[in-house]
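Coordinate analysis (summary)
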Amino acid sequence: MVYEIIVGGNAGDKAGGKPHRLELEKAAAGWECRLDGQPIHVDAVIPRRDVLSLLVDGHSYEIKREQTATDLHMWVGSARFAVELRDPRSLRSRQKAAGDEEGPRKILAPMPGRVVRLLVAENSDVEAGQGIVVVEAMKMQNEIKSPKKGVVKKISATPGAAVNPGDVLAIVE
Amino acid sequence: MFKKILIANRGEIAVRIIRACREMGIATVAVYSDVDRAALHVRKSDEAYPIGPAPAAESYLRMDKILDVAKRSGAEAIHPGYGFLSENAKFAQACADAGVKFIGPTPHSMKMMGSKTSARQQMEKAGVPFVPGTSRGLASPEEGEEVAERIGYPVMLKAAAGGGGKGMRLVHTRSELRSALESAQSEALRSFGDSEVYIEKAIVNPRHIEMQILADEHGNTVWLGERECSIQRRHQKVLEEAPSPIVDPEMRRRMGEVAVKVAQAANYTNAGTVEFLVDQQKNFYFLEMNTRLQVEHPVTELTTGLDLVHLQIQIAAGEKLPFAQSDVAIRGHAIECRIYAEDPDNNYFPSPGKITVLLQPSGPGIRRDSGMYEGWNVPMDYDPLLAKLIGYASDRQQAIMRLERALYEYFVAGIKTNISLFLRILGDADFQAGKLDTGYLDRLLAKANPAVASLAPKPEINAPGIKTMETIAAIAAGMFAVLDPASSVGKNGGAGGTTSSGSATLVSNWKQKGRSEGLR
């Protein structure tokens, strides 16, 4: 197996991460892996869902995987890394890699909640970081912000409606 | 002794009370709202009855429905926990009228302590030290200016019926006072239906230290030591410890005696907490009395060896306190972390949802009072407190190390939690030195977030260029994808919940795609 992997900083943000090429091949015992060409022998088991026990050169690591509608994180001890994993043979992964910053961006609900109000109208110009929709959960209100500068193409959120994580609230192009 | 108790609460505190009842051989009755059918307190109780829809005002705050369940189930007493109806004198009265014992103080004591101005008037009579200011609402802005001149700026305006920071204004100069008073009064009216606002001297960077008391119904009142509660944000406590790093036995005795005097002045019975503000010269001033079991009661239980819930039930059943003040000894050190469903990357905004993975710590000196379990859907309708993790050891330093170890073992996925915040606090030099005040946490959060990895093993892999934790994360991501392919490829590691990119169009997320198209 070959993967292209971007690992972000310790703070959980993938910004600034460089892509690594990881090759994994089953060996007689454990796995032969090459990370950016460097050979490393690892032994890996999944003792329970989303938990990986990794032995590298005698060192033992317990890594926890956290997946949400929008993120994938690896926890090495109490350090968290945002990770993006691509299979270079997959056409869609390549398309995605090419089109990351261009084109329409969907704004997704990060948590379950209720839409309180809209801060902009469709077709208005917005700056990156500008609030688009206010969502309330556990008696706190949260502004969901635009990931980029552009035009609000569509607002799917309706005030009063309940939303689930991953629901599209708006599209900015 | 009671044979059956109804617990008018939910979450970790309901589970805590159910456990005490089971230990004492008392049957338990839980109540639950529509979204709490699968909650832990319902699973752990002997009987459970629905009391209405998710909003608390239609379920956990409905006195009539709760008393109806008490009647139907034959419960002889109601434990209110904290929050909800726990400090509601009307509810305590309604219980008395229905012939059900309310496990807590009398409605009369609650009423006296419920209003901050009436509490100040009582304390003035009893000779308790409190922050200089008025004990009655301000009649006019002129009166406010006159009092402020006398006690000196800065001053704090506070709603008599207040709580949670509502109706509170800090005023630095005379010119700000009039408009601050007007806005505090209108906020107090909107929040509490009562515009009474009084004035007191603002204590700069105070500590918040509270004293636990217990009083039986035969006139015996004891104090059980203080809790340091200065680590707060949005006027909500985040981490508490006992004893306080600055309180010595002499100061503890003086605070304890004042707290007992406060309780006696209010004819107080059952468990209660007297809160003090402590200034930089270690002068302490009465702030208010909480007429309920506190969230942070476990740190007192660990340092005194007493079970406060057992004692609450015994007192309510008419028993005498089984010990005297001279029997109370403080031993060791305990620190509590309040685990909230909050997103540290998004200004600690609440984060409800389904818990997909839960790994919980245990081992020496660790107590965990929790209302969550793997697979549970944390509802969005209530307080975000999920669990309390308490470390106990022979001294403060060891308690800190134990908690760091336990936090390292704690892992919650599916929702965000503030677990990482506690590693920051416990590793902070000021915290370790005991330099705390109510502004501590805001100052800590204003600093850049250092990498929280102090407990992680240092990778020393013997291969050139393979040195970092990032490397381990990269290999792990690949291994997960190979060993558990139901997963990772195509998932986009974003910068947190507030933004997202084209990831929703990715094939790996058919469900999400279907959902988003359904919205068109």
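All names here are of chain B. Within chain B, residue pLDDT values average 89, and 89% of them lie at 70 or more. Within the model, pLDDT remains below 50 along residues 452-466, and this stretch shows 41 contacts once partners closer than five positions in the same chain are excluded. Counting interchain partners and residues more than four positions distant, the pLDDT-below-50 stretch residues 488-520 has 85 contacts. Across the whole predicted complex the pTM is 0.84, and at the interface the ipTM reaches 0.75.

Okay, the pairing of strand 8 (residues 197-201) of chain B next. Residues and elements named next belong to chain B. Of all five residues in strand 8, five are buried, a share of seventy percent or more. In the sheet, strand 6 (residues 155-159) pairs with strand 8 via five bridges, with the strands oriented antiparallel. Bridge pairing links M156 to E200 in strand 8.

Turning our attention to the confidence of the model for chain A. Residues and elements named next belong to chain A. When pLDDT is averaged along chain A, the result is 84, and 87% of the positions lie at 70 or above. Across chain A, element-level confidence peaks in strand 5 (residues 51-56) with a mean pLDDT of 95 and bottoms out in helix 1 (residues 91-98) with 50. Every residue in residues 96-100 scores below 50 in pLDDT, and together they form six contacts with partners more than four places removed in sequence or on other chains.

Let us look at the nonpolar core. Soluble globular proteins: nonpolar side chains tend toward being buried together. Counting 98 residues, the largest nonpolar core has L6(B), I213(B), A259(B), V262(B) and F276(B) as its most contacted members. In contact with L6(B), not counting residues within four places along its chain, are V29(B), V31(B), V69(B), A70(B), S73(B), A75(B) and I78(B). Of all hydrophobic cores here, the second largest spans 76 residues; its members include M74(A), I231(B), L407(B) and L426(B).

Residues and elements named next belong to chain B. As summarised here, the arrangement of the three strands in space is 7-6-8, forming an open sheet in which the pairing is antiparallel. On the outer flanks of this sheet lie strand 7 (169-171) and strand 8, each paired with one strand and no other. Neighbour to neighbour, the strand axes of the sheet diverge by 25° on average, direction disregarded. In terms of strand pairing, strand 6 meets strand 7 through three bridges, oriented antiparallel. What sits directly across from M156, in strand 7, is L170. Its contacts with the sheet place helix 7 (residues 141-151) against strand 6 and strand 8, and it is angled at close to 15° to strand 8.

This brings us to the pairing of strand 10 (residues 113-118) of chain A. All names here are of chain A. Both strand 10 and strand 15 (residues 162-163) contribute to a ladder of two bridges, which runs antiparallel. Residue pairing for strand 15: R114 is matched across the bridge by A162. Relative to strand 12 (residues 131-137), strand 10 runs antiparallel, the two sharing four bridges. Across the sheet, R117 pairs through a bridge with V134, a residue of strand 12.

Residues and elements named next belong to chain B. If you check helix 1 (residues 11-23), its first and last C-alpha atoms are 19 Å apart, about what 13 residues at 1.5 Å a residue would give, namely 18 Å. By the criterion of burial, helix 1 is predominantly enclosed, with 10 of the 13 residues buried. Along helix 1, the residues that are buried comprise G11, E12, I13, A14, V15, R16, I17, I18, A20 and C21. At the exit of helix 1 stands G25, carrying a positive phi of roughly 75°.

It is worth spelling out the environment of L436(B) at this point. Residues and elements named next belong to chain B. Relative to the helices and strands, L436 resides in the loop between helix 14 (429-432) and helix 15 (440-446). Among the residues examined, L436 registers 24 C-beta atoms within 10 Å and is labelled buried. Non-local contacts of L436, meaning those with residues more than four positions away in its chain, are made with R207, E228, S230, I231 and F431.

We now examine the packing of helix 7 of chain B against helix 8 (residues 174-192) of chain B. Residue and element names in this part refer to chain B. Where helix 7 contacts helix 8, the two axes come as close as 10 Å, and the packing angle between them is 140°. By the angle between their axes, helix 7 is oblique relative to helix 8. Here helix 7 runs over helix 8; the crossing is right-handed. Of the residues in helix 8, those touching helix 7 at P141, G144, E145 and A148 are R174, L177, R178 and L181. A class-by-class count of the residues in the contact of helix 7 with helix 8 yields four nonpolar, one polar and three charged.

Attention shifts here to the packing of helix 6 (residues 116-126) of chain B against helix 9 (residues 249-265) of chain B. In helix packing, the relevant descriptors are the interaxial angle and the interaxial distance, both defined with respect to the helix axes. All names here are of chain B. Packing of helix 6 against helix 9 brings their axes to within 10 Å, and their N-to-C directions diverge by 115°. Accordingly, the angle class assigned to the pair helix 6 and helix 9 is roughly perpendicular. Like other packed secondary-structure pairs, helix 6 and helix 9 cross with a definite hand, here right-handed. Each of Q122, M123 and A126 in helix 6 lies in contact with helix 9, whose residues at this interface are K261, V262 and A265. Residue classes in the contact of helix 6 with helix 9 are distributed as four nonpolar, one polar and one charged.

A separate point is the sheet that holds strand 9 (residues 207-215) of chain B. Residue and element names in this part refer to chain B. Ordered by their spatial adjacency, eight strands build an open sheet running 13-12-9-10-11-14-21-19, and the pairing between neighbours is antiparallel. Two strands close off the open sheet at either side, each with one partner strand: strand 13 (284-290) and strand 19 (366-370). Recorded for the sheet is a direction-independent mean angle of 25° between the axes of neighbouring strands. With respect to the sheet, helix 1 is in contact with strand 19 and strand 21 (385-393), its orientation differing from that of strand 21 by roughly 60°.

Here we come to the environment of D43(A). All names here are of chain A. Examined against the element boundaries, D43 turns out to sit in strand 4 (residues 38-48). Using a count of 14 C-beta atoms within 10 Å as the deciding quantity, one classes D43 as partly exposed. Along the chain, D43 and S53 lie 10 residues apart, while their C-alpha atoms are 8.1 Å from each other. Once residues within four sequence positions are removed from consideration, D43 is found in contact with A29, G30 and L55.

Here we come to the environment of P379(B). All names here are of chain B. Assignment of secondary structure puts P379 in the loop between strand 20 (377-378) and strand 21. Separated by 344 residues in the primary sequence, P379 and V35 have C-alpha atoms spaced 6.7 Å apart. With sequence-adjacent residues up to four places away left out, P379 is seen in contact with V35, D36, A54 and P352.

Residues and elements named next belong to chain B. Of note, the amide linkage connecting Y153 to P154 takes the cis form, showing an omega dihedral of -5°. Tracing the backbone through its elements, the reader meets P154 in the loop between helix 7 and strand 6. Look at the link from A242 to P243: it is a cis peptide, with omega at -5°. Assignment of secondary structure puts P243 in the loop between strand 11 (236-242) and helix 9. Backbone geometry at N205 places phi at a positive 45°, although glycine is not the residue there. Mapping N205 onto the fold places it in the loop between strand 8 and strand 9. Despite not being glycine, N270 shows a phi value in the positive range, around 75°. Along the polypeptide, N270 turns up in strand 12 (residues 270-278).

What counts, and where the lines are drawn
- Residues numbered from 1 in each chain as written.
- Chains lettered and ligands numbered in written order.
- Predicted model: local features only at pLDDT ≥ 70, side-chain atom pairs only at ≥ 80, totals over all residues.
- pLDDT = per-residue confidence, 0-100.
- Contact = placed C-beta atoms within 7 Å.
- Buried ≥ 20, exposed ≤ 12 C-beta atoms within 10 Å, placed from the backbone.
- Helix = DSSP H or I, 4+ residues; strand = E, 2+ residues; numbered from the N terminus.
- Pairing = 2+ DSSP bridges.
- Core = buried A, V, L, I, M, F, W, Y, C linked by C-beta atoms within 7 Å.
- Axes fitted to C-alpha atoms, helices over the stretch in contact; angles between N-to-C directions.
- Expected span 1.5 Å × (residues − 1).
- Parallel < 35°, antiparallel > 145°, perpendicular 65-115°, else oblique.
- Left-handed = near helix turned anticlockwise from the far one by under 90°.
- Nonpolar A, V, L, I, M, F, W, Y, C, P; charged D, E, K, R; others polar.

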